[in-house]
Amino acid sequence: MERRAFRMNGFAVLAGLVILGIVLAAVTQAIDSTQIPVAAILWGVVVVLVATGFAVVNPNEAQVVQFLGRYVGSVNEAGFVWVLPFTNRRRVTLRVRNFETAKLKVNDADGNPVEIGAVVVYKVVDTATAAFAVDDYENYVAIQSEAAVRHLATTHPYDAHDEGRTSLRDGAEVAAELTTELSERTHLAGVEVLEARITHLAYAPEIAQAMLVRQQATQVVAARTQIVAGAVGMVQLALNRLAEEGVVDLDEERKAQMVSNLLVVLCGDRAIQPVVNAGSLYG
């Protein structure tokens, strides 16, 4: 787990080295001026040892510190710092990162081949885990993202024709499910997934035309259903108004003929050309 590494302000340590050099030179000269070269060499060795501990940490960046192969902590504060000498330091970015998966071709829950792609937004929240739990946390997140997208596509249909069934086209629900699954998969790498959302979704080219015809047929049926429901209501209203106002007294046969004519006019997809009965030309 991540822990805080020992560190000091780099400028303070640098100033201490300068003061130490001045004091050492003054004391050596006061005691024995012939020992000044020895003191200078000693001071130089100290400077070299201390200098190995200086490090610069950029904003939104951390440095994982190792001493002789052992993890001793992480430095997350930006600035010029000094840590233990002879330590190895590995940079780990804390910035929010995002990438888009490749367009994957998989079969959905109904067995239809579809093309699907997603964008994933994440950041590192545990630098020690990201550095040591996996070989390469960026590659780990990319591979796990493709695996999660494939699993999501195989558990949901492209279109849900049954009520209560979530389809891949239900953006908010699918995005929440993908984000949750990815968070569980990438927790081992010290990564937090902020958002995962599908950016590309289409039927595979070999069935795209057939599915387009199917979708068009579904839309036509839905539109016709709504038209018929409206037409029946209008016919009912017309018959009731005629009966209430006593405009004309229709028997059952004429009512049936009137209903037939009105439904043809209201439900037809072409302009109606009325035929007017002008009577016989011969008396």
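Use the structure listed above.
Conventions adopted
Residues numbered from 1 in each chain as written. Predicted model: local features only at pLDDT ≥ 70, side-chain atom pairs only at ≥ 80, totals over all residues. Heavy atoms only, no water. Pairing = 2+ DSSP bridges. Helix = DSSP H or I, 4+ residues; strand = E, 2+ residues; numbered from the N terminus. Axes fitted to C-alpha atoms, helices over the stretch in contact; angles between N-to-C directions. Expected span 1.5 Å × (residues − 1). Contact = heavy atoms within 4.5 Å. Phe/Tyr/Trp six-rings, centres within 6.5 Å; stacked < 30°, edge-to-face > 60°. Buried < 20%, exposed > 50% of the residue type's maximum accessible area, 1.4 Å probe, protein only. Core = buried A, V, L, I, M, F, W, Y, C linked by side-chain atoms within 4.5 Å. Salt bridge = Lys/Arg side-chain N within 4 Å of Asp/Glu carboxyl O. Polar contact = N/O pair within 3.5 Å; in protein donor to acceptor, adjacent residues only side chain to side chain.

Draft legend 1. Looking closely at the sheet that holds strand 3 (residues 61-67). Taken in spatial order, the 3 strands of this open sheet run 4-3-6, and their pairing is antiparallel. In this open sheet, the two strands that pair with only one neighbour each are strand 4 (70-75) and strand 6 (87-93). Within the sheet, the average angular offset between the axes of one strand and its neighbour, ignoring direction, is 25 degrees. Relative to strand 4, strand 3 is paired through 5 bridges, and the arrangement is antiparallel. Within the sheet, the bridge partner assigned to F67 lies in strand 4 and is R70.

Draft legend 2. Just helix 5 (residues 171-186), in detail. In a regular helix each residue adds 1.5 Å, so 16 residues correspond to 22 Å; helix 5 covers 22 Å between its end C-alpha atoms and thus fits that length. Against strand 9 (113-124), helix 4 (137-155) and strand 10 (191-203) lie the buried residues of helix 5.

Draft legend 3. Geometry of the sheet that holds strand 5 (residues 79-82). Taken in spatial order, the 3 strands line up as 1-5-2 in an open sheet, and their pairing is antiparallel. Of all the strands in the sheet, the pair left with one neighbour each is strand 1 (8-9) and strand 2 (54-57). Here strand 1 pairs with strand 5 via 2 bridges, running antiparallel. When the bridges of strand 5 are listed, M8 appears paired with W82.

Draft legend 4. Structural detail: the packing of aromatic side chains. Summed over all chains, the structure comprises 6 aromatic pairs. For the pair F11 and F80, a centre-to-centre distance of 5.0 Å together with 65 degrees between the ring planes defines the contact as edge-to-face. Here F11 is found in helix 1 (residues 10-31), whereas its partner F80 is found in strand 5, with 69 residues between them in sequence. Exposure remark for F11: the relative accessible area of 56% places this residue in the exposed category.

Draft legend 5. Structural view of the nonpolar core. Counting 31 residues, the largest nonpolar core has Y137, L178 and V191 as its most contacted members. Elements represented by at least two residues in this core include exactly strand 8 (104-107), strand 9, helix 3 (127-132), helix 4, helix 5 and strand 10. When residues no more than four places from it in sequence are discounted, the contact partners of Y137 are V92, T93, R97, Y122, V124, A130, A189 and V191. With 7 residues, the next largest nonpolar core counts A5, V57, V75 and V81 among its residues.

Draft legend 6. How the structure looks around the environment of G111. Turning to its location among the elements, G111 is positioned in the loop between strand 8 and strand 9. Each C-alpha atom, one on G111 and one on T154, is 8.1 Å from the other, the two residues being 43 residues apart in sequence.

Draft legend 7. Broad picture of the pattern of salt bridges. If you walk through the whole model with that rule in mind, you get 6 salt bridges. Across the pair R7 and E77 runs a salt bridge, and its minimum N-O distance is 3.4 Å. A residue pair is termed long-range when its members are at least 10 positions apart, and R7 in the segment before strand 1 and E77 in the loop between strand 4 and strand 5 qualify at 70 residues. On the basis of relative accessibility, which here comes to 22%, the residue R7 falls in the partly exposed class. Residue E77 is classed as partly exposed on the basis of its relative accessible area of 36%.

Draft legend 8. Up close: helix 4. Under the 1.5 Å per step criterion, the end-to-end length of helix 4 is 27 Å for 19 residues, consistent within 8% with the ideal 27 Å. Of the positions making up helix 4, those classed as buried are Y137, V141, Q144, S145, A148, V149, L152 and A153. Measuring from the side-chain oxygen of the N-cap residue of helix 4 to the backbone nitrogen of E138 gives 3.1 Å; that N-cap residue is D136.

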